[in-house]
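Structure assessment
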Amino acid sequence: MIVTMDGPAGAGKSQLARLLAARIGFDFLDTGAMYRCVTLACLERGISIDDPTAAADCALSLDIQFSDSSVLLDGVDVSHRIRSPQVTSSIRPIADNPIIRERLVELQRVWAGARDVVTEGRDQGTVAFPNAPCKIYLTASPQERARRRANQLAREGIQADLDSVLRQQNQRDLEDTSRAFGPLRAASDAIHVFSDGLTEDETLDRLVEIVEARRGLAFTEKLTEKSTEKSTIGNTESSFTSDANALKTNATEGDAAKTNAAEANTPQTNVLASKS
Ligand code: DC
């Protein structure tokens, strides 16, 4: 089963997607790391990121692999180098390049294959895996996301002014949502998780709950198809059916089944690419 997790920068997607995958025994795919690998390769090989053809040729020549929690570029561990400020600030033309996007989406689909995967990014539920049975859109308010980012930087010994973190984040949001190909967007059938006011553990619990309910829904649909086998399943079917109905009810309330921790007073969630 494929679980997609999309959302804006700073929502805690990477960490929570990794934790979610570990908790439910799925593999984890960090698609942002793929865009970062292409950017790093261009920078280190003296290829202009602003030359779409040269950058795309570079992307097509790369071998990107995930091994445990490491990212390998042409066999070399680049897990740390792809997170450098220079890569982060240079990535936009790479993420905007339609040929590169097409190539990376193809690699994402091959990587996922028939595995059970939690895949995290911006376009996973909309472009890469539009038929995924479980789609999550993880977000938080801009202020909360900026506050978390500033705290994270402080833990790394970097003092960052909250206003400037918020300004940079707003700029990234704008770039991510206005991209012509593969923009950040919630799939119409994504379940929204809004993590303001939730701890990481609470958010993780909520994510696990969503995945388990979706698994139940998929199971129920299979049972319905195989109606002749129903009688042998007994009570198991009805408990899954109620989860399925709850999800269907939510889905009718808007474009997507939105879950707001504050409103629902329910524990909710926050969550990279590699095998967990
Ligand atoms: O999630 P991240 O910060 O590691 O992502 C790095 C960049 O790649 C970010 O600018 C958005 C972009 N990206 C994308 O366009 N599509 C994805 N599926 C994943 C990331």
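Notes on the structure in this doc start here. Once a new chain begins, its residue numbering starts again from 1 and follows that chain's sequence as written. Under the rules for a predicted model, residues below a pLDDT of 70 receive no local features and side-chain atom pairs below 80 are neither given nor counted, while totals for whole chains, interfaces and linings still include all residues. Hydrogens and water are ignored here; the side-chain numbers use all heavy atoms of the structure.

Here we look at the environment of Thr-203
For the purposes of this entry, the term helix denotes a DSSP run of H or I that reaches at least four residues, the term strand denotes a run of E that reaches at least two, and both are numbered from the N terminus. Mapped onto the elements, Thr-203 comes out in helix H10 (residues 200-225). Look at Thr-203 and you get buried, because its relative accessible area is 0%. Taking the C-alpha atoms as reference, Thr-203 lies 9.6 Å from Leu-138; in sequence the two are 65 residues apart. Distance and chemistry together define a polar contact, namely a pair of N or O atoms within 3.5 Å, with one atom able to donate a hydrogen and the other to accept it when in protein, and with adjacent residues in sequence counting only for side-chain atoms on both sides. Of the polar contacts made by the side chain of Thr-203, one reaches the backbone oxygen of Thr-199; its length is 2.8 Å. The classification of residues rests on relative accessible area computed with a 1.4 Å probe and restricted to protein chains. Under 20% of the type maximum is buried, over 50% is exposed, and intermediate values are partly exposed.

Concerning the sheet that holds strand S3 (residues 64-67)
Pairing is antiparallel in the open sheet, where three strands are placed in the order S3-S4-S5. Here the strands that pair on one side only, and so sit at the sheet edges, are S3 and strand S5 (76-77). Strands were regarded as paired on the criterion that DSSP finds at least two bridges between them. Here four bridges tie S3 to strand S4 (residues 70-73), and the two strands are oriented antiparallel to one another. If you follow Ser-67 over to S4, its bridge partner there is Ser-70.

Structural notes on helix H6 (residues 98-112)
Each α-helix turn comprises 3.6 residues. Residues three or four places apart therefore point the same way. To estimate how far a helix should reach, multiply one less than its number of residues by 1.5 Å. Look at H6: 21 Å from first C-alpha to last across 15 residues, which is about the 21 Å you get at 1.5 Å a residue. Along H6, the residues classified as buried are Ile-100, Arg-101, Leu-104, Val-105, Gln-108, Trp-111 and Ala-112. For H6, the arc enclosing every buried residue in end-on projection is 130°, short of the 170-degree limit, so these residues lie on one face. Opposite the buried face of H6, at more than 90 degrees from it, the exposed residues are Glu-102 and Val-110. Looking at where H6 begins, the residue whose side-chain oxygen comes 3.0 Å from the main-chain nitrogen of Ile-99 is Asn-97. Positive backbone phi, at 45°, marks Gly-113, one or two positions downstream of H6. Throughout, the arc means the angular range of directions from the helix axis out to the C-beta atoms.

A closer look at the site of the ligand
In the neighbourhood of the ligand, 15 residues make up the surrounding shell, with Thr-31, Arg-36, Arg-101, Asp-123 and Arg-172 lying closest. Between Thr-31 and the ligand, the recorded distance is 3.0 Å, taken from a side-chain N or O atom to a nitrogen atom. The contact in question runs from an oxygen atom of the ligand to an N or O atom on the side chain of Arg-179, over 3.2 Å. Listed by contribution, the elements that provide at least two residues to the shell around the ligand are helix H2 (31-44) and helix H9 (162-178). Per-element accounting of the shell around the ligand gives the leading share, four residues, to H2. Each residue receives one of three labels: charged for Asp, Glu, Lys and Arg, nonpolar for Ala, Val, Leu, Ile, Met, Phe, Trp, Tyr, Cys and Pro, and polar for the others, Gly being one of them. Of the residues contributing to the shell around the ligand, the split by class is three nonpolar, four polar and eight charged. When residues of the shell around the ligand are assigned to domains, at least three map to each of domain 1 (1-22 + 121-223) and domain 2 (27-115). Any residue with a heavy atom lying within 4 Å of a molecule or strand is counted as near it. Residue ranges for the domains originate in an automatic or database domain assignment.

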